[in-house]
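# A closer look at the structure
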Amino acid sequence: MTLNQLRAFVEAERLGSFTAAARAMDIAQASASELVRRLETELDAELFARGSRTLALTSAGQELLPYAQQAVEAAESGTRAVRSLGSLGGGTATFGVLRNADYYLLSNLVQLFHARYPSVRVRLVGQNSAETAAAVAAGRIEAGLVVLPIEDEGLVVTPLLRDEVFFVSASEERTRTPVTIEAFSRTPLVLYDAHYGWQDPTRRQLAERAQLAGVSVDPLIELEHVEAALGLVAAGVGDTIASRAVVAGATFPAGLRTVPFADPLYDTIALVKRRGHPLSRATRELVRIAEDTLREIRDDLGLSTPTT
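Bear in mind that the values here come from a model prediction, so they are computed numbers and not experimental data. (Residues numbered from 1 in each chain as written. Predicted model: local features only at pLDDT ≥ 70, side-chain atom pairs only at ≥ 80, totals over all residues. Heavy atoms only, no water.)

### Here's the deal with the nonpolar core
Counting residues in hydrophobic clusters, the biggest one holds 55 residues, and the most contacted among them are Phe95, Tyr104, Leu145, Phe184, Ile241, Phe261 and Leu294. The leading source of residues in this core is helix α11 (residues 281-301), at seven residues. Residue contacts for Phe261: discarding those within four places in its chain leaves Val165, Phe166, Phe167, Pro178, Val179, Phe184, Leu206, Arg209 and Ile241. Ala8, Val36, Leu64 and Leu65 belong to the second-largest nonpolar core, a separate cluster that totals 19 residues. (Core = buried A, V, L, I, M, F, W, Y, C linked by side-chain atoms within 4.5 Å. Buried < 20%, exposed > 50% of the residue type's maximum accessible area, 1.4 Å probe, protein only. Helix = DSSP H or I, 4+ residues; strand = E, 2+ residues; numbered from the N terminus. Contact = heavy atoms within 4.5 Å.)

### A look at the sheet that holds strand β5 (residues 143-148)
On the basis of which strands lie adjacent, the open sheet formed by six strands has the order β4-β3-β5-β10-β6-β9 and mixed pairing. Sheet topology places β4 (121-126) and β9 (240-243) at the edges, where each strand pairs with a single neighbour. Each strand axis lies, on average, 25° off the axis of its neighbour in the sheet, ignoring direction. Sheet topology places strand β6 (residues 155-169) next to strand β10 (residues 257-274); 14 bridges connect them, and they run antiparallel. If you follow Thr158 over to β10, its bridge partner there is Leu271. Lying over the sheet, helix α8 (residues 201-213) contacts β5, β6, β9 and β10, oriented at roughly 125° with respect to β10. Of the strands in this sheet, β3 (92-97), β4, β5, β6 and β10 are in contact with α11, which crosses β3 at around 35°. (Pairing = 2+ DSSP bridges. Axes fitted to C-alpha atoms, helices over the stretch in contact; angles between N-to-C directions.)

### Comments concerning the packing of helix α1 (residues 3-15) against helix α2 (residues 18-25)
In contact at an axis separation of 8 Å, α1 and α2 are set at 125° when each is read in the N-to-C sense. Overall, the two elements α1 and α2 adopt an arrangement that is oblique. Here α1 and α2 pass one another in a crossing that is right-handed. Along its contact with α1, which presents Asn4, Arg7, Ala8, Glu11, Ala12 and Leu15, the element α2 presents Phe18, Ala20, Ala21, Ala24 and Met25. (Parallel < 35°, antiparallel > 145°, perpendicular 65-115°, else oblique. Left-handed = near helix turned anticlockwise from the far one by under 90°.)

### Thoughts on the side chain of Arg298
Positionally, Arg298 belongs in helix α11. Using a relative accessible area of 17% as the deciding quantity, one classes Arg298 as buried.

### Some details on unusual backbone geometry
Residue Pro149 follows Leu148 across a cis peptide bond; omega there is 5°. Mapped onto the elements of the fold, Pro149 is located in the loop between β5 and β6. Its identity as a non-glycine residue notwithstanding, Asp26 has a phi of 60°, on the positive side. Structurally, Asp26 is set in the loop between α2 and α3 (29-43). Even without a glycine there, the phi angle at Asp44 is positive, about 55°. Note on placement: Asp44 falls in the loop between α3 and β1 (48-49). Taking the relative accessible area as the measure of exposure, Asp44 reaches 71% and is therefore exposed.

### Examining the packing of helix α5 (residues 109-116) against α11
Relative orientation of the contacting elements α5 and α11 amounts to 130°, with a least axis distance of 10 Å. When the interaxial angle is binned, α5 and α11 end up oblique. Two packed elements cross with a definite hand, and for α5 against α11 that hand is right-handed. Residue-level inspection shows Leu109, Leu112, Phe113 and Arg116 of α5 in contact with α11, the latter providing Ala282, Glu285, Leu286, Arg288, Ile289 and Ala290. Its residues placed into classes, the contact of α5 with α11 shows seven nonpolar, no polar and three charged. (Nonpolar A, V, L, I, M, F, W, Y, C, P; charged D, E, K, R; others polar.)

Here it is, written out as structure tokens:
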């Protein structure tokens, strides 16, 4: 079995004829047909049902197709990676960042990358971690940074740093001692990431704790951005949560009080990529810069490295 045989099979299925497949591969029509015939001989199975104007897969062809597509895609990706070695004179880097990327010094990620590789196109997507993980798993972006936990089927997950999450309030009374999940459930809560709600990884941790304690967490107000939530908390509307990176940020409102959870709560930030799909060199370099940036913020804020 050769790569050319698999490529001829994939192209014939995609385009519906050996003639079109040959044109796409820049070979003679007879050569494309012969490549598939040799593949069928080796497998001792017909891959296409002949006789109609458009090729149709047999059951054997349907079984082989996803494996053939994966082999052809891997070979083409490897070729592109080798050809781009040493120069990074082109290509596209695709990467997902955290919704609160600014607090982890990731806002200048594109600027740093572009200064070094001005010819490389960059597609940087900032969204909730649940959406980032789904986008990487589906192949819409190559890699991304997420807060755990996420649905990790088909993904390689590499934890990078751990950031403690605090209870935030304008109330002195409610911040005298570390907050329990029971006390948390009784406060007027202003929570962010309204679109993803309880799919958000930090909220998922809180929901699991509440379930184990036999209580429920029902926010008074839900909105999208942490800055808006902090503004309402500063106005005395309710209480919220925020990671150490957010609390240490220059825009954290004066006068707000923070206290840890009685059972400490952490955001674990991790890199995710698709299992079995090597990163392009451009995205690999963008990942390296992102990891260096996170190490810098980890050291500056005294954050910890996740334990395995």
